[in-house]
Amino acid sequence: MSVLVRPIAVALALLAAGAAQAGTCPRPGTLGVSRVLPVEVGADGLFVGTKSYPDTLPLADHEIVLSFDDGPAGKTTDAVLAALEAECVKATFFVVGEMAAAHPEQLRRMAAAGHTIGHHTMTHTILTKVPFERGEADVETGWQTVDRILTGTAGDRPKTPFFRYPGFAATKPLDAWLTERRVAVFGADFWGSDWNKSTPEALLALTLSRIEARGRGILLLHDTHDYTAAMVPGLLAALKAKGWRVVQIVPAPPPATGG
Ligand SMILES: [Zn+2]
């Protein structure tokens, strides 16, 4: 039997490598994406994530939105992308402009793999600590850098109007400025506290306990840490085993302009 196991393992490894190409998802047996949730921003803006705001996304019990901040970061981001791809899962990456500028090809692969690309400023400045104009410039330069890499053009509104404040440090003037531009502001409903150095095992246990305690919501992790990247395959396996369903958020199409 053991003679047979090796070629099968090699074949599976090749299959996994091949899965990195577009068009192989959905695949039977994977966690996958259970539904795509278009997120619309009205005139009053949109602020979601119960760690910071009263409301979150309209998610059913055991539905989760996966989000990763602060990349693209090279090796650790590649490991996260591979883990997501192996389970046909799509996440939202809130990317930092200067990280995107340092890893433009990786950003393009991320987008080409079907993930949602949100924004997280140009330099990851804590915006409560700088004057409004400087904050505004950091936010805008961030999404314009990303949009230029992905589409060749950039404007005064991001192509994907999703934003998360570094450190959740929101200001009223920037909230108003983002709302004017119909940009959704995302907090989170739970996180792994992976800004603290951890091991994949400890991070997985902590993250799962918080997810199970709340029962639905937006998860925040960081694709900049090796222990987080190493934890993602175990997280996806556990979500699958526990009957969780992954929801992908995307921008709602602009309303039809009739009459
Ligand atoms: Zn961040």
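For the structure itself, consult the block above.
If you're wondering where the values come from, they're calculated on a predicted model, not measured in any experiment.

Undergrad: I'd love a proper account of the overall build of the chain, names of residues and values included.
TA: Looking only at helices and strands, the chain features eight helices and 10 strands. Taking all 259 residues of the chain together, 47% fall into the buried category. Of the contacts made within the chain by residues no fewer than 6 positions apart, 77% connect residues no fewer than 24 positions apart. Here the chain has roughly 12,100 Å² of accessible surface; of this, 59% comes from carbon and sulfur atoms.

Undergrad: Can you lay out the pattern of salt bridges for me, pointing to particular residues and giving the numbers?
TA: Evaluated as defined, the whole model comprises eight salt bridges. Residue Glu 63 pairs with Arg 245 through a salt bridge whose shortest N-O separation is 3.7 Å. Taken as a pair, Glu 63 in strand E3 (residues 63-69) and Arg 245 in strand E10 (residues 245-251) lie far apart in primary sequence, 182 residues in all. Look at Arg 245 and you get partly exposed, because its relative accessible area is 35%. Across the salt bridge formed by Lys 240 and Glu 87, the nearest N and O atoms sit 3.1 Å from each other. You can see Lys 240 sitting in helix H8 (residues 226-241) and its partner Glu 87 sitting in the loop between helix H2 (75-86) and strand E4 (92-95), a full 153 residues away along the chain. What you see here is one network of salt bridges that share partners, running through Arg 35, Glu 63 and Arg 245.

Undergrad: Help me get a handle on the coordination of the zinc ion, residues and values and all.
TA: Looking at the zinc ion, one finds its protein donor set to be Asp 70 (OD), His 120 (NE2) and His 124 (NE2), positioned 2.1 Å from the metal centre. Mapped onto the polypeptide sequence, the residues donating to the zinc ion form the spacing pattern D-x49-H-x3-H. One end of the pair, Asp 70, is in the loop between E3 and H2; the other, His 124, is in the loop between strand E5 (116-119) and helix H5 (132-151), with 54 residues separating them in the sequence. We classify His 124 as partly exposed; its relative accessible area is 29%.

Undergrad: Describe the side chain of Thr 116, naming the residues involved and giving the relevant values.
TA: Within the secondary structure, Thr 116 sits in strand E5. A polar contact is formed between the side chain of Thr 116 and the backbone oxygen of Ile 249, at a distance of 2.7 Å. Apart from residues lying up to four places away in sequence, Thr 116 is in contact with Ala 91, Thr 92, Phe 93, Thr 160, Phe 162, Gln 248, Ile 249 and Val 250.

Undergrad: Give a description of the environment of Ile 218 that names residues and reports values.
TA: Looking at the secondary structure, you find Ile 218 in strand E9 (residues 217-222). Note: C-alpha distance between Ile 218 and Phe 190 (28 residues apart in sequence) is 6.4 Å.

Undergrad: So, the environment of Gly 142: which residues are in play, and what are the values?
TA: Structurally, Gly 142 can be placed in helix H5. When the C-alpha atoms of Gly 142 and Gly 97 are compared, they prove to be 4.2 Å apart, with 45 residues separating the residues in sequence. When near neighbours in sequence (up to four residues on either side) are disregarded, Gly 142 contacts Gly 97, Thr 121 and Met 122.

Undergrad: Tell me about the packing of helix H7 (residues 200-214) against H8, and name the residues and values.
TA: The interhelical angle for the contact between H7 and H8, taken along N-to-C directions, is 45°, at an axis separation of 9 Å. As judged from the angle between their axes, H7 and H8 are oblique. In this structure, H7 meets H8 at a crossing whose hand is right-handed. In this structure, H7 uses Pro 200, Leu 203, Leu 204, Thr 207, Leu 208 and Ile 211 to contact H8, whose residues at the interface are Tyr 227, Thr 228, Ala 230, Met 231, Gly 234, Leu 235, Ala 238 and Leu 239.

Conventions we followed
Residues numbered from 1 in each chain as written. Predicted model: local features only at pLDDT ≥ 70, side-chain atom pairs only at ≥ 80, totals over all residues. Heavy atoms only, no water. Helix = DSSP H or I, 4+ residues; strand = E, 2+ residues; numbered from the N terminus. Buried < 20%, exposed > 50% of the residue type's maximum accessible area, 1.4 Å probe, protein only. Contact = heavy atoms within 4.5 Å. Areas by Shrake-Rupley, 256 points an atom, 1.4 Å probe, with all protein chains shown as cover. Salt bridge = Lys/Arg side-chain N within 4 Å of Asp/Glu carboxyl O. Donors = N, O, S within 2.8 Å, 3.2 Å for Na, K, Ca; no water. Polar contact = N/O pair within 3.5 Å; in protein donor to acceptor, adjacent residues only side chain to side chain. Axes fitted to C-alpha atoms, helices over the stretch in contact; angles between N-to-C directions. Parallel < 35°, antiparallel > 145°, perpendicular 65-115°, else oblique. Left-handed = near helix turned anticlockwise from the far one by under 90°.

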